[in-house]
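# Structural characterization, general
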Amino acid sequence: MRDRPARRTRAFRARRPAGSRTRRLLELHLAVIVLAGIVSMTALLVSYREVQNAAGEMRTHAAPAVQGVAATQLALLRAHQEAQASVDSGIDEVVGAGARYEAQLSAANQGLSRLSDVQIDGERGRGVLKTVTGVLTSYSGSITPGTVKYVDDDLMQRQKLSEAKRLLDRPGTGVVPRLDVLQHHQMQRMSRISSLGPLQAAGWAVAELGLLVLALTTLSALWLLRRRCGRSLDPWLLPALLVTLALAVVPLWATVGTQERLDTARHELVRIEQRADRHADLAEDQSYVTRTSTALHGRLEAERWQSWTYYGALGGGALIILLPVAGLSRRLNADYYWRAG
């Protein structure tokens, strides 16, 4: 009779070390899952938001700013070309600089007005636009007398037209060179916005590595529960594993699509800038800039599912932490003591 309690005590003590090891393993899995989930989801959400913000910045400011400078430059050069054509053909005595000149100059003024809202060169860009507006006023003050007041005085007319031309393209201080400087700064800023920088790439690497660790740890926890706790498929850990795999694929897929659109937009904007600098056929260059700008705006629009991916990832990030915590905590607090080991 005395041997039976003693045997039970020895059996209980023999089971305790194995049970303690299992408990420590479950607690370690739980800690790794929580830590990897927090790190990976923080990196994923920040990285995804950065790319989406870059696409929004390109669509609302960077692309319109680059397109606006190119269109304004071409409109100014085309306006002067039309005024010169009016003088060369002799119709300035009747119509002055002509309706085409007025239309192009009006387009240039409207472009400058829009640029004040969308330019991406900060305070320096606003200073350039303010100076350009003042020089453009002086330009109008020269071109109008040259095509209206001095139509019968060839010498004064040539002088006024030459003066107006210098105000447009004089190196360093003319309207077009000043806009070239603004465009150069904007292109640098646009390239930074639309490119995937080292920090963003590192963020995605941390996110994907963290999700890999999370998936492997969840698999290990499932194996541990099956081998030591008799649980074939845990209803908490299995959904968490599936959500982890989805988070590793869907946000990255959406980001790759967005980055491809940004790369395409950057190349198109470079071509627009080059076309505006060419000055070979102003009418054709204007048509090209208009067509490309319209098509580019449509390509920069985000697809609806990509806009909701962030919120889906946010909800999924909560699940991949809460589900394993609930599942492993249940095993630790419920059937661990009599099943584990």
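Residues numbered from 1 in each chain as written. Predicted model: local features only at pLDDT ≥ 70, side-chain atom pairs only at ≥ 80, totals over all residues. Heavy atoms only, no water.

### A closer look at the overall build of the protein chain
Helices and strands together make up the secondary structure of the protein chain, namely 11 helices and zero strands. Order of helices (α) and strands (β) in the protein chain, N terminus to C terminus: α-α-α-α-α-α-α-α-α-α-α. Expressed as a percentage of its 341 residues, the buried residues of the protein chain come to 45%. Partitioning the intrachain contacts of the protein chain with sequence separation of at least 6 by distance along the chain shows that 82% fall at a separation of at least 24. Looking at the protein chain as shown, the accessible area adds up to about 17,900 Å², and 59% of this sits on carbon and sulfur atoms. (Helix = DSSP H or I, 4+ residues; strand = E, 2+ residues; numbered from the N terminus. Buried < 20%, exposed > 50% of the residue type's maximum accessible area, 1.4 Å probe, protein only. Contact = heavy atoms within 4.5 Å. Areas by Shrake-Rupley, 256 points an atom, 1.4 Å probe, with all protein chains shown as cover.)

### Side note on the packing of aromatic side chains
Evaluated as defined, the whole model comprises two aromatic pairs. Ring plane angle 85 degrees and centroid distance 5.5 Å describe the contact between Tyr310 and Tyr311, whose orientation is recorded as edge-to-face. For Tyr311, a relative accessible area of 48% puts it in the partly exposed group. Ring pairs connect the aromatic residues Trp308, Tyr310 and Tyr311, which therefore count as one cluster. The ring centre of Tyr310 lies 3.9 Å from the NZ or CZ of Arg49, which sits over that ring. It is Arg275 that lies over the ring of Tyr288; its NZ or CZ is 4.5 Å from the centre. (Phe/Tyr/Trp six-rings, centres within 6.5 Å; stacked < 30°, edge-to-face > 60°. Lys NZ or Arg CZ within 6 Å of the ring centre and 35° of its normal.)

### Some details on the nonpolar core
With 51 residues, the main nonpolar core has Met58, Leu76, Tyr139, Leu179 and Leu269 as its most contacted residues. Breaking this core down by element, the ones donating at least two residues are helix H1 (3-89), helix H3 (99-118), helix H4 (122-149), helix H5 (154-169), helix H6 (175-194), helix H8 (237-278) and helix H9 (282-299). Ranked by residues supplied to this core, first place goes to H1 with 16 residues. Ignoring any residue separated from it by four or fewer positions in sequence, one finds Leu76 in contact with Leu105, Ala108, Leu136, Leu168, Val175 and Leu179. In terms of nonpolar packing, the next biggest core, distinct from the first, is built from 30 residues, Leu45, Ala207, Leu214 and Tyr310 among them. (Core = buried A, V, L, I, M, F, W, Y, C linked by side-chain atoms within 4.5 Å.)

### What about the pattern of salt bridges?
Following the criterion strictly, the structure yields 10 salt bridges and no others. Here Arg278 makes a salt bridge to Asp285, at a shortest N to O gap of 2.7 Å. Asp285 gets classed as buried once you look at its relative accessible area, which sits at 0%. A salt bridge links Arg291 to Glu284, with the shortest nitrogen-to-oxygen separation between them at 4.0 Å. Look at Glu284 and you get partly exposed, because its relative accessible area is 35%. Through salt bridges with shared partners, one network takes in Arg275, Arg278, Glu284, Asp285 and Arg291. (Salt bridge = Lys/Arg side-chain N within 4 Å of Asp/Glu carboxyl O.)

### Overview of a nonpolar patch on the surface
On the surface, a cluster of nonpolar side chains totalling about 450 Å² of accessible area is made up of Leu209, Leu212, Val213, Leu216 and Leu219. Residue position: Leu219 is located in helix H7 (residues 198-228). (Patch = residues over 30% accessible without salt bridge, like charges linked within 9 Å, V, L, I, M, F, W, Y side chains within 5 Å.)

### Remarks on the confidence of the model for the protein chain
Residues of the protein chain with pLDDT of at least 70 account for 84%, and the chain-wide mean is 83. Long-range and interchain partners of residues 6-16, a stretch whose pLDDT sits below 50, account for two contacts in this model, where long-range means more than four residues apart. (pLDDT = per-residue confidence, 0-100.)

### Quick word on the environment of Val118
Positionally, Val118 belongs in helix H3. Taking C-alpha positions, Val118 is 9.3 Å from Val66, a pair spaced 52 residues apart along the chain.

### Here we look at the environment of Ser220
Along the chain, Ser220 turns up in helix H7. By relative accessible area, Ser220 is classed as partly exposed at 30%. Within the local environment of Ser220, its side chain forms a polar contact with the side chain of His29, the two groups lying 2.6 Å apart. (Polar contact = N/O pair within 3.5 Å; in protein donor to acceptor, adjacent residues only side chain to side chain.)

### A few points about the side chain of Gln200
If you trace the backbone, Gln200 turns up in helix H7. Not counting residues within four places of it along the chain, the set of residues in contact with Gln200 comprises Ser47, Glu50, Val51 and Ser195.

### Some thoughts on H3
With 20 residues, H3 should cover 28 Å at 1.5 Å per step; its first-to-last C-alpha distance of 29 Å lies within 8% of that length. Regarding H3, the residues found buried are Tyr101, Gln104, Leu105, Ala108, Gly111, Leu112, Leu115 and Val118. Viewed end-on, H3 has its buried residues packed into an arc of 145 degrees, placing them on one side of the element. Among the exposed residues of H3, those oriented more than 90 degrees off its buried face are Ala99, Arg114 and Asp117. (Expected span 1.5 Å × (residues − 1). Arc of directions from axis to C-beta.)

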